[in-house]
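Topology and contacts: notes
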Amino acid sequence: SFVAMLAITGFLSATWTASRLSRAVGVSDIVLVIATGVLLGPDIGGLISTEYSQCSHARHAVECEVKDLSALSKHLAEIEHLGLCNPADYDHKHEHATTTNATHGTSNGT
């Protein structure tokens, strides 16, 4: 939205101004830049909303957490006993014992 673009522009302008001000004073610019980010960020000043200050993974990771491992184990056991996968397809021990340059995942060795 237009308001979000204005807020981001204001935030970046304030950060740039803090950087220039700190250079004029003769101190490291990182101090005022971080202070500006903390003061205008979503927790204190609220100029930038949380959806713009967190990465997408951090927002969705909580939704994707496995809450009950016993339920997951139950579902995996059900899938295992459906008979859809042949365990011999995943056994490559004979390839490692007979050849020194075995390739994984191929049936004809190429």
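A count of helices and strands for the protein gives six helices and zero strands. For the protein, the N- to C-terminal ordering of α and β elements is α-α-α-α-α-α. Relative to its 110 residues, the protein shows a buried fraction of 10%. Taking the contacts inside the protein whose residues are at least 6 apart along the sequence as the reference set, 28% of them involve residues at least 24 apart. Of the roughly 9,000 Å² that the protein leaves accessible, carbon and sulfur atoms contribute 63%.

Our next topic: the packing of helix 1 (residues 2–25) against helix 2 (residues 29–40). Interaxial distance between helix 1 and helix 2 falls to 8 Å at its minimum, and their mutual angle equals 150°. Comparing the axis directions of helix 1 and helix 2 gives the class roughly antiparallel. Crossing hand, helix 1 versus helix 2: right-handed. On helix 2, the residues touching F11, A14, T15, A18, S19, L21, S22 and R23 of helix 1 are D29, L32, V33, T36, G37 and L40. When the residues that make up the contact of helix 1 with helix 2 are grouped by side-chain class, the tally is seven nonpolar, five polar and two charged.

The next subject is the confidence of the model for the protein. The predicted coordinates of low-pLDDT regions are not to be read in fine detail. Mean pLDDT over the protein: 75, with 68% of residues reaching 70 or higher. Here helix 4 (residues 56–61) is the element of the protein with the lowest mean pLDDT, 60, and helix 1 is the one with the highest, 90.

This next bit is on the pattern of salt bridges. Applying the stated criterion to the full structure yields one salt bridge. Here D29 ties to R23 by a salt bridge, and the two come within 3.6 Å at their closest N and O atoms. A residue is classified by how much of its surface remains accessible, and D29, at 23% relative accessible area, is partly exposed.

Let's shift gears to the side chain of S22. For S22, the location among the structural elements is in helix 1. Among the residues examined, S22 registers a relative accessible area of 0% and is labelled buried. Once residues within four sequence positions are removed from consideration, S22 is found in contact with V27, S28, D29 and L32.

Glancing now at the side chain of S19. In this fold, S19 is placed in helix 1. Relative accessible area serves as the criterion here: at 13%, S19 is assigned to the buried category. Side chain to side chain, S19 and D29 meet in a polar contact 3.3 Å long. If we ignore the near neighbours within four places in the chain, the residues touching S19 are D29 and V33.

What counts, and at which threshold
Residues numbered from 1 in each chain as written. Predicted model: local features only at pLDDT ≥ 70, side-chain atom pairs only at ≥ 80, totals over all residues. Heavy atoms only, no water. Helix = DSSP H or I, 4+ residues; strand = E, 2+ residues; numbered from the N terminus. Buried < 20%, exposed > 50% of the residue type's maximum accessible area, 1.4 Å probe, protein only. Contact = heavy atoms within 4.5 Å. Areas by Shrake-Rupley, 256 points an atom, 1.4 Å probe, with all protein chains shown as cover. Axes fitted to C-alpha atoms, helices over the stretch in contact; angles between N-to-C directions. Parallel < 35°, antiparallel > 145°, perpendicular 65-115°, else oblique. Left-handed = near helix turned anticlockwise from the far one by under 90°. Nonpolar A, V, L, I, M, F, W, Y, C, P; charged D, E, K, R; others polar. pLDDT = per-residue confidence, 0-100. Salt bridge = Lys/Arg side-chain N within 4 Å of Asp/Glu carboxyl O. Polar contact = N/O pair within 3.5 Å; in protein donor to acceptor, adjacent residues only side chain to side chain.

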